[in-house]
2 protein chains.
Amino acid sequence: MLTDAFPFTRHDHARCLKRLLGRADEMCARAGVRLTKLRRAVLRAVAGSHRAIGAYDIIDAMERDGQKPAPISVYRALDFLVTQGLVHKIESRNAFVACCHGEHAGDAVLMICEDCGVVAEMDAGAELTALNARAERHGFHARHAVTELSGICGACCGDV
Amino acid sequence: MLTDAFPFTRHDHARCLKRLLGRADEMCARAGVRLTKLRRAVLRAVAGSHRAIGAYDIIDAMERDGQKPAPISVYRALDFLVTQGLVHKIESRNAFVACCHGEHAGDAVLMICEDCGVVAEMDAGAELTALNARAERHGFHARHAVTELSGICGACCGDV
DNA sequence: CAAATTTTTGTTATATTATAACAATGTTGA
DNA sequence: TCAACATTGTTATAATATAACAAAAATTTG
């Protein structure tokens, strides 16, 4: 079993978070966009766990850190972060999760554990390509794919 | 190109709708569940076009037919219809579309035209199986897949 | 550097989507 | 017919998301 997609028991999240924020700084610098204080704080809140978090829960989390932005501010920041590929929106949950990958080959495929709530992502370039090819046979030219699997992760299944 | 997924120019929608409602009657009878007047009216509204329709637009459509159910009633009916596989929820749009297929091999794959708004579905059993297999390699046991492709349909591309 | 321009954020209000709680009605089967 | 269950109605509210415009901060330009 591949052990990189899901964060497991020994996972040192403080380090994980630090790395993620560092990478975000780099990526934004390279892209010539600004990871402002607000945007970084929203990203920090989203990346606070590997579970899906809703916009209003982000506000609650930020309030605990002494900052309470208005919903629109959070949505604007999320919009930026999603555009930059730093955060994924989970359409089937109306919630968000930080991207743990460097870069994606294409659209992310999310795996959502129904038990513990942890969300992992994987590259599934070949499978998405096959899906697009299938769509083409119906005359459809796909530009984006929303692919969200819900099920049970290895940890919750006792496989780990 | 396969021409069954998307409803094209010559499409006789009155006939299409009638067939769909008839099939719904049969399927519910076979399943031993009740396609009540309300549920059938909601299905009729959803199946009124091949575009995604939101719950509140369903209410508006039904109001034009002299019936104005409360939101909760529509959501309850939609819940029933989705459970029976007669309607698909489009997670990426918070909207609904009637199922045009008899039965699905597995989860439906939706193709949403960004231009005309028409939503078509296809069976993509093999591709979804491949996706699940890929997830298994990460220790994830998928139970449901939300797969929504957005792009441009053949008609809007001038391919037809 | 200062003024002009653009981007970002704040503020206030509101739109859109979805559900809770309980009463009333309809359906089924003994 | 009555009891049990399923469905719908009624009222209220929760949860998610955006609009419009003002203020502040950053960037560019002269």
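The structure under discussion appears in the preceding block.
About the criteria used
Residues numbered from 1 in each chain as written. Chains lettered and ligands numbered in written order. Predicted model: local features only at pLDDT ≥ 70, side-chain atom pairs only at ≥ 80, totals over all residues. Heavy atoms only, no water. Least-squares fit on C-alpha atoms with pLDDT ≥ 70 in both. Phe/Tyr/Trp six-rings, centres within 6.5 Å; stacked < 30°, edge-to-face > 60°. Helix = DSSP H or I, 4+ residues; strand = E, 2+ residues; numbered from the N terminus. Lys NZ or Arg CZ within 6 Å of the ring centre and 35° of its normal. Near = heavy atom within 4 Å. Polar contact = N/O pair within 3.5 Å; in protein donor to acceptor, adjacent residues only side chain to side chain. Nonpolar A, V, L, I, M, F, W, Y, C, P; charged D, E, K, R; others polar.

> Looking at this structure, how should I read the relation of the copies chain B and chain A?
Copy one and copy two of the chain differ by a rotation about an axis and a translation along that axis. When chain B is fitted to chain A, the best match, at an RMSD of 0.0 Å, comes from turning it 180° and sliding it 0.0 Å along the axis. Such values leave the two copies arranged in the relation of a two-fold axis. Residue Thr147(B), judged by its C-alpha, is the member of chain B lying nearest the rotation axis, at 2.3 Å.

> Hey, could you run me through the packing of aromatic side chains in this one?
All names here are of chain A. Overall, the coordinates contain 2 aromatic pairs over all chains when judged by the stated rule. Ring geometry for Tyr56 and Tyr75: centres 6.5 Å apart, planes at 65°, overall edge-to-face. You can see Tyr56 sitting in helix α3 (residues 55-64) and its partner Tyr75 sitting in helix α4 (residues 71-83), a full 19 residues away along the chain. The ring of Phe80 carries the charged tip of Arg39 above its face, separated from the ring centre by 3.8 Å.

> So what exactly am I meant to see when it comes to the protein's contact with DNA strand D here?
Inspection of the region around DNA strand D gives 15 residues, with Tyr56(A), Lys89(A), Arg34(B), Thr36(B) and Arg76(B) positioned closest. The sugar-phosphate share of atoms of DNA strand D within 4 Å of the protein amounts to 50%. Note that a base nitrogen of DNA strand D is positioned 2.7 Å from one of the side-chain N or O atoms of Tyr56(A). Here a base nitrogen of DNA strand D sits 2.6 Å away from a polar atom, N or O, in the side chain of Arg76(B). In the surface near DNA strand D, the residues fall into 6 nonpolar, 3 polar and 6 charged.

> Which parts of the structure should I look at to understand the protein's contact with DNA strand C?
Close to DNA strand C lie 16 residues, the nearest being Arg34(A), Thr36(A), Arg76(A), Tyr56(B) and Lys89(B). The sugar-phosphate portion of DNA strand C accounts for 47% of its atoms within 4 Å of the protein, the bases making up the rest. Arg39(A) is positioned with one of its side-chain polar atoms (N or O) 3.4 Å from a phosphate oxygen of DNA strand C. Contacts to DNA strand C include Tyr56(B), whose side-chain N or O atom sits 2.7 Å from a base nitrogen. Of all the elements in the fold, those that place two or more residues in the surface near DNA strand C are α2 (37-46) and α4 of chain A together with α4 (71-83) of chain B. Broken down by element, the surface near DNA strand C gets its largest block of residues, 4 residues, from α4(B). Of the residues contributing to the surface near DNA strand C, the split by class is 7 nonpolar, 3 polar and 6 charged.

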